[in-house]
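Architecture and fold: a report
Listed here are the chains, written in short residue letters.
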Amino acid sequence: MTMPVMTETIPDNSTAPEAPAPKADNPDSAGRMGLDEFLEQATDLTDETVGTVTCDHPFMVADDVNVYYGDNHAIKHVSLEIGKKEVIALIGPSGCGKSTFLRCLNRMNDTIETARVTGTITLDGKDIYRKEQDPVALRARVGMVFQKPNPFPKSIYDNVAYGPRIHGIAADRAELDEIVHTSLERAGLLKEVKDRMDEPGTSLSGGQQQRLCIARTIAVNPEVILMDEPCSALDPIATARIEDLMDELCEDYAIVIVTHSMQQAARVSKRVAYFHLGLLVEVDSTDRIFTNPQHKLTEDYITGRIG
Amino acid sequence: MGNKLTTSEIVAAGLARRRRKETTFRLLGILATAVGVLFLGVFFATLIAKGASAFKQTFVQLEITLDAEVIAPGGEIDLEYADFDGLVRTALRSRFPDAKSRADRRELYRLISVGAGYQLRDLVASNPDLIGAKQSLWVPASSDVDMLLKGNIDASVEEALRTMSDKQIAWVESLENSGEIRSEFNDALFGNGDSRDPELAGIKGAVMGSFYMLLVTIALSFPIGVAAAIYLEEFAPKNRWSDLIEVNINNLAAVPSIVFGLLGLAVFINWMSLPRSAPVVGGLVLTLLTLPVIIIASRASIQAVPPSIREAALGLGASSTQVVFHHVLPLAMPGMLTGAIIGMSRALGESAPLLMIGMVAFIVDVPGGFTDPATALPVQIYLWADSPERAFAERTSAAIIVLLGFLLLMNLAAVIIRKRMERKW
Amino acid sequence: MQSTTLILLLTFMAVAAFYFGRRRSLATVGGPGHRMDLHSLPGYYGYYVAIWCALPALLLLSAWLFMEPRLVVALVVQGLPESYASLASGELDLLVNNIQNLASGDVVSIEVDPELQAAAAMFNDYIGKSRQMLAGLALGVAVLGGALAWRRIQPDLRARNRVEKVIRLLLIAASSIAIFTTIGIVLSVLFEAILFFRKVPVSEFLFGLTWSPQTAIRADQVGSSGSFGAVPLFTGTLLITAIAMFVAVPVGLMTAIYLAEYSSSRVRGIAKPLLEVLAGIPTVVYGFFAALTVAPWIRQFGESVGLAVASESALAAGVVMGIMIIPLVSSLSDDAINAVPAAMRDGALGLGSTRSETMKKVILPAALPGIVGGILLAVSRAIGETMIVVMAAGLSANLTANPFEAVTTVTVQIVTLLVGDQEFDSAKTLAAFALGLMLFVVTLCLNVIGLSVVRKYREQYE
């Protein structure tokens, strides 16, 4: 799979959950600190989160969540509320645990043998880690879009129809056709692909592939969509289209997006959560985070002093 | 969506069915994995159950008079034609005087292996002073007695249907009661060549045959394989010819081994008139057979050497040949050695091509060189497996245990080399 | 002189040549202090002389040893009395064989008369003379080559480049052996097969339904005219291969799936090496197990349910062969499954697929080409497998699809036809090569297709 990479502002994609931090988000690099200083700063960290972790209509609530990969304590005491139909952005330097936290929200961490999660995460008031909760049913409600577009090696139609088929959502072929069409339309892809539904999904461009993956996700009609750096492998034009799409989608879904681009966070999200070394440092409305951050680390990060 | 039910309700409705499918699929997976592992367990259990007893052999104690009249008629020791078997028979008759009739005596003689005569001859040859003396010797029992004592002959079966008569069984019991019969480590299995008599048959000839063959194979296939790998990885221009060689090597690795046997028969024996049944021909055929394996492994381990090493040496003004022999080759050597050992263990277990070049002959003598007629360990297993005697089945299993032991050692060596010399870049 | 002694002597001379060459190179520039004036390191001059000393002599030696038996036999035959000159070529071969055996002191199959005795003496005499000439010539060439090279040593001789050129040529020769092996296989099998098809028409061989290769010893013998219809062998091979695949494909594939997707790393750490052990067991051992353990089990089982099972049933050989092939199928499937990017799996799981749905609907379809390629290789392996069928399948060429009956295979017949005495002009022996040709062509096609599918598939995800 090849992705057109047009400018250097787009960090190279990698399969790791955490891509390297963007280097050119802030052209003013005079005030940047080195890794050593940055790590020293870490001693100031406490479990306390600054700002407001709560929101008006909480839909998913994480309470004191810890994640361990073997002996590695990847997420430490994170509590966060995610509102209905809001876009919340998770930002922070590489390896700060934002992707890990995201993967807790639909239990994708279950697929990693050594991962262990403590604390509670509720969806609509029910713990998603309770025993009776089937991760399969959970993932139908909490969909996920990945960093790298990953269409299945099937036709465009079959890609979108995959979710409805496995969950038995469509009663007949006509209904399935309708779901596929609506989903593609909502993902803004229908016009481009309606005459080539039988072509393989991999024949599309990178941006189209990512929109196909979004269409595939919303075809299941989830309540929450998790996006793990969905634009990191795309060029700016494709990125802009996905961002527009998010604006529309947030009318129906709660969206949690992990991003390395602060501009993107500022553009698409209503609230922003700043992670640092596995800790949730600050959560607040996007305006406040970018105009008046409370925590020094947040300020350093958004002004480009930590990279 | 026009549906009245919410997505999560629909999903929940189908969940139980999907979970059942999931469990079935998973169980199938466990079952499949268990089939392989279970087979291995059953295989080793039956093998050891059948073969372990072959490492012990039954011996009978006899009071034998080394009669000078028989051994040295006319004062001269005649090792070649003296009737040593007769001495053994005399000793048997005096031990069991109740066997009077000819038929009884013939049955009596069948308790002792023909190996007893050879044992006497060797004793006299190494120690002529013993002539005339009375010796108490432990001589090998016949394979029937051996089988009886190992519980492989059922005395409750009708007499005509078993290989030992009631009388014979009674004699063996009498020997047993007086402590004149005992079970010892089976030296013959490891010290003798093949034989028609199971109690005398051993694997030494086959082991030596395999040894000479592998010596030829390793001496040819390792240098040639490494050289070919070096050329293909480091020097070959990327063109049709090197593509052809590449495809060729991969295909040769998958050609049935018996076809290599046909090649050996037509080229080495028929056209070059090399001797049949000789380890050198077997070694040549196995060389061609293992060459692709070694080349593929060597190429992989050359590829694992990072290009930066080559660039560093080239930057210092070394020629490309020097780079290869001073830097790449030493770094790739552990991987190549591992590949060579894997290739050798494949060669050691190979038998089909050897059948084609006449290494299936019945050969009693232990080969002493590369052109002596010989057989190989796996071929010996094939030959013994075909023999109807019960005692050979036991020895076949024992030979398999020995063969698997050798293979295990070789693979262990490969693992150790890999672990010891492995480098992470 | 023995050729091994000669080779040892040549080796010794090469070592000496190295030493002299090295010394002379240093002497030409006036001692080790001026070694920088030499074009190459002194050692390369040594190698240069050693190569010129040993290589031509060794080439001569191998050419000589290859030609010697032919020439000597021709000379001996020429020297035979008139009465032998009229012999047919087959009888002459036998006679020559006997003379050679007599000469080397082996057992001879005919009565030894003085003429034969004389011929054997002549044979030994020629061989002895030939060896003397060879030793003289080889040593002469070695000395001459070494001396010439030694004289050419000068400071500006590009010794390293020349030595490296020879090394390069040797490397090329080594890598060409693979090609020559293939050519050798094709030629040797094809040549004898063509001879066979002169005696038996291709159509009869390919489409004939009766296989009984015993040719008549006496002309008046009944029922042993020898018929070479190979269809029963092909169907027998296919039947056993099908049984083997029926065992190996599902079990191997499910094992790969289980180990890749479900098992904990501990189970994987135990099961994978055990499967490798399964793959490392020699086929003769599988054959022993099939013939002496599995076949009786199947027969007992058949008797208990009232089925007539042949003691050398196709089922026993097929099942054991299938078990032998399980590791091959599972490791190739494992490669194919692991080559599917993890993002596919994440994508499917993220949509709420169960693991089995992810496997069945996303990963397996994506890995299918790789798996199919692997299965083709496994089929080729089953078709060419020899020892298991030789030991556990029968010799009777039955045209049947019943797995409880005995069938025979192509490889079994090759072994049966070629083990024991062979005459290279009888249809019986040549038939083995025709079967070998079929076997080679079929497995070659399967391998080429299988390998290229597997390779294409791997490149797709790289």
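Because the structure is predicted, anything quoted here is derived from the model rather than measured.

Side note on the overall build of chain A
Looking only at helices and strands, one finds eleven helices and eleven strands in chain A. The buried share of chain A, reckoned over its 307 residues, is 51%. Restricting to contacts in chain A with at least 6 residues of sequence separation, those with at least 24 account for 73%.

Brief notes about the overall build of chain C
The helix and strand inventory of chain C stands at 16 helices and two strands. For chain C, the C-alpha radius of gyration of 31 Å lies well beyond 23 Å, the compact-globule estimate for 462 residues. Sequence-distant contacts in chain C: of pairs separated by 6 or more residues, those separated by 24 or more amount to 74%.

A few points about the interface of chain B and chain C
Counting residues at the interface gives 67 residues for chain B, matched by 70 residues for chain C. Per element, the largest residue contribution to the side of chain B that touches chain C is 18 residues, and it comes from helix H1 (residues 7-51) of chain B.

Here's the deal with the sheet that holds strand E3 (residues 181-185) of chain B
All names here are of chain B. Across the sheet, which stays open at both edges, the three strands sit in the order E2-E1-E3 with antiparallel pairing between neighbours. Single-partner strands in this sheet number two, and they are strand E2 (134-140) and E3. Pairs of neighbouring strands in the sheet enclose a mean axial angle of 40°, with direction left out of account. Alignment of strand E1 (residues 56-65) against E2, held across seven bridges, turns out to be antiparallel. Among the inter-strand pairings, Thr 65 is bridged to a residue of E2, identified as Lys 134. Packing of helix H3 (residues 84-95) onto the sheet brings it into contact with E1 and E2, and relative to E1 it is tilted by some 85°.

Comments concerning the environment of Arg 165 of chain A
Residue and element names in this part refer to chain A. Residue placement: Arg 165 occurs in helix H4 (residues 156-167). On the basis of neighbour count, Arg 165 is assigned to the partly exposed category, with 17 C-beta atoms found within 10 Å. Through-space distance from the C-alpha of Arg 165 to that of Leu 277 is 40 Å; in sequence the pair is 112 residues apart.

With respect to the interface of chain C and chain A
Tallying the contact residues gives 18 residues for chain C and 24 residues for chain A. Mapped by element, the contributors of at least two residues to the side of chain C that touches chain A are helix H12 (342-350) and helix H13 (355-384) of chain C. Of all the elements, H12 of chain C adds the most residues to the side of chain C that touches chain A, at seven residues. Among the residues forming the side of chain C that touches chain A, the class breakdown is eight nonpolar, seven polar and three charged.

Re unusual backbone geometry
All names here are of chain A. Despite not being glycine, Lys 85 has its phi angle at roughly 50°, a positive value. Structurally, Lys 85 is set in the loop between strand E3 (72-83) and strand E4 (87-91). One non-glycine residue with positive phi stands out, namely Arg 107, at about 55°. Along the polypeptide, Arg 107 turns up in the loop between helix H2 (98-105) and strand E5 (115-123). What makes Arg 107 buried here is the crowd of 21 C-beta atoms within 10 Å.

Looking at the sheet that holds strand E2 (residues 58-69) of chain A
All names here are of chain A. With antiparallel pairing, four strands are arranged side by side in an open sheet as E3-E2-E5-E6. Of all strands in the sheet, those bounded by a partner on one side alone are E3 and strand E6 (126-127). Two elements, E2 and E5, share eight bridges in a ladder whose sense is antiparallel. From the neighbouring strand, Asn 66 faces E5, where its bridge partner is Thr 118.

Some remarks on the pairing of strand E9 (residues 254-258) of chain A
All names here are of chain A. For E9, a buried count of five out of five residues is recorded, marking the element as mostly surrounded by other parts of the structure. Alternating positions in E9 separate into two faces, Ala 254, Val 256 and Val 258 on one and Ile 255 and Ile 257 on the other, with burial throughout. With four bridges joining them, E4 and E9 adopt parallel strand pairing. Paired with Leu 90 across the strands is Val 258, a residue of E9. Relative to E9, strand E8 (residues 224-228) runs parallel, the two being bridged by five bridges. Within E9, the residue paired with Leu 226 across the bridge is Val 256. Taken together, E8, helix H8 (residues 236-249) and E9 constitute a β-α-β crossover, and its handedness is right-handed.

Examining the nonpolar core
Val 256 of chain A, Val 88 of chain B together with Ala 290, Ala 317, Val 320, Ile 388 and Ala 392 of chain C are the most contacted members of the largest nonpolar core, which has 317 residues in total. In this structure, Tyr 48, Val 49, Ala 138 and Ala 149 of chain C belong to the second largest nonpolar core, which totals 25 residues.

A few points about the pairing of strand E10 (residues 271-276) of chain A
Within a regular strand, side chains alternate between the sheet's two faces. Residues and elements named next belong to chain A. Of all six residues making up E10, six are buried, and the element is well covered by its neighbours. The alternating pattern of E10 places Arg 271, Ala 273 and Phe 275 and Val 272, Tyr 274 and His 276 on opposite faces, both of which are buried. Two elements, E10 and strand E11 (residues 279-285), share six bridges in a ladder whose sense is antiparallel. When the bridges of E11 are listed, Ala 273 appears paired with Val 283.

Section: the packing of helix H8 (residues 231-262) of chain C against H13 of chain C
Residues and elements named next belong to chain C. The contact between H8 and H13 brings their axes to 10 Å, and the two run at 140°. In this structure, H8 crosses over H13, and the sense of that crossing is right-handed. For the pair H8 and H13, the contacting residues are Thr 237, Thr 241, Ala 244, Met 245, Ala 248, Val 249, Leu 253, Ile 257, Glu 261 and Tyr 262 in the first and Arg 355, Met 359, Ile 371, Ile 375, Ala 378, Val 379, Ala 382 and Ile 383 in the second. The class makeup of the residues in the contact of H8 with H13 is 14 nonpolar, two polar and two charged.

Details of the domain arrangement of chain C
In terms of domains, chain C is made up of domain 1 (3-157) and domain 2 (227-460). Using only C-alpha atoms to locate each centre, domain 1 of chain C and domain 2 of chain C end up separated by 48 Å.

A look at the packing of H1 of chain B against H8 of chain C
For the pair H1 of chain B and H8 of chain C, interaxial distance at closest approach is 8 Å and the crossing angle is 115°. The pairing of H1 of chain B with H8 of chain C is recorded here as roughly perpendicular in orientation. Note that H1 of chain B runs across H8 of chain C; the crossing there is left-handed. When H1 of chain B is examined against H8 of chain C, the residues Arg 26, Leu 28, Gly 29, Ile 30, Ala 32, Thr 33, Val 35 and Gly 36 of chain B are found in contact with a partner set consisting of Pro 250, Val 251, Met 254, Thr 255, Ile 257, Tyr 258, Leu 259 and Tyr 262 of chain C. Its residues assigned to classes, the contact of H1 of chain B with H8 of chain C shows eleven nonpolar, four polar and one charged.

Focus on H1 of chain B
Over its 45 residues, H1 of chain B extends 64 Å from the first C-alpha to the last, a length consistent with the 66 Å expected when each residue adds 1.5 Å. The sharpest bend along H1 of chain B reaches about 45° and sits at Leu 15 of chain B.

What about the environment of Phe 362 of chain B?
Looking at the element boundaries, Phe 362 of chain B is found in the loop between helix H15 (352-356) and helix H16 (377-386). The spatial distance from the C-alpha of Phe 362 of chain B to the C-alpha of Thr 375 of chain B is 8.1 Å, given a sequence separation of 13 residues.

Quick notes on the environment of Val 139 of chain B
Relative to the assigned elements, Val 139 of chain B resides in strand E2. When near neighbours in sequence (up to four residues on either side) are disregarded, Val 139 of chain B contacts Phe 59, Val 60, Leu 62, Val 88, Ile 112, Ala 116 and Gln 119 of chain B.

Looking at H16 of chain B
Within H16 of chain B, nine of the ten residues are buried, which leaves the element mostly enclosed by the surrounding structure. Among the residues making up H16 of chain B, those that are buried are Leu 377, Pro 378, Val 379, Gln 380, Ile 381, Tyr 382, Leu 383, Trp 384 and Ala 385 of chain B. Summarising the contacts, the buried residues of H16 of chain B are in contact with helix H9 (204-235), helix H14 (320-349), H15 and helix H17 (390-421) of chain B together with helix H10 (283-304) and helix H14 (387-392) of chain C.

Some points on the confidence of the model for chain C
All names here are of chain C. When pLDDT is averaged along chain C, the result is 86; 92% of the residues meet or exceed 70. By mean pLDDT, the top-scoring element of chain C is H8 (94), and the lowest-scoring one is helix H3 (residues 82-85) (66). What the predictor reports for the complex is a pTM of 0.84 with an ipTM of 0.89.

Here's the deal with the confidence of the model for chain A
Scored by pLDDT, chain A has a mean of 82; 84% of the residues are at 70 or more. Low pLDDT, under 50, characterises residues 1-31 of chain A; the stretch is placed with 59 contacts to residues that sit more than four places away or in other chains.

The rules behind the values
- Residues numbered from 1 in each chain as written.
- Chains lettered and ligands numbered in written order.
- Predicted model: local features only at pLDDT ≥ 70, side-chain atom pairs only at ≥ 80, totals over all residues.
- Helix = DSSP H or I, 4+ residues; strand = E, 2+ residues; numbered from the N terminus.
- Buried ≥ 20, exposed ≤ 12 C-beta atoms within 10 Å, placed from the backbone.
- Contact = placed C-beta atoms within 7 Å.
- Rg over C-alpha atoms; globule rule 2.2 N^0.38 Å.
- Pairing = 2+ DSSP bridges.
- Axes fitted to C-alpha atoms, helices over the stretch in contact; angles between N-to-C directions.
- Nonpolar A, V, L, I, M, F, W, Y, C, P; charged D, E, K, R; others polar.
- Right-handed = clockwise from strand over helix to strand, strands pointing away.
- Core = buried A, V, L, I, M, F, W, Y, C linked by C-beta atoms within 7 Å.
- Left-handed = near helix turned anticlockwise from the far one by under 90°.
- Domains from an automatic or database assignment.
- Parallel < 35°, antiparallel > 145°, perpendicular 65-115°, else oblique.
- Expected span 1.5 Å × (residues − 1).
- Bend = angle between axes of the 7 residues up to and from the residue.
- pLDDT = per-residue confidence, 0-100.

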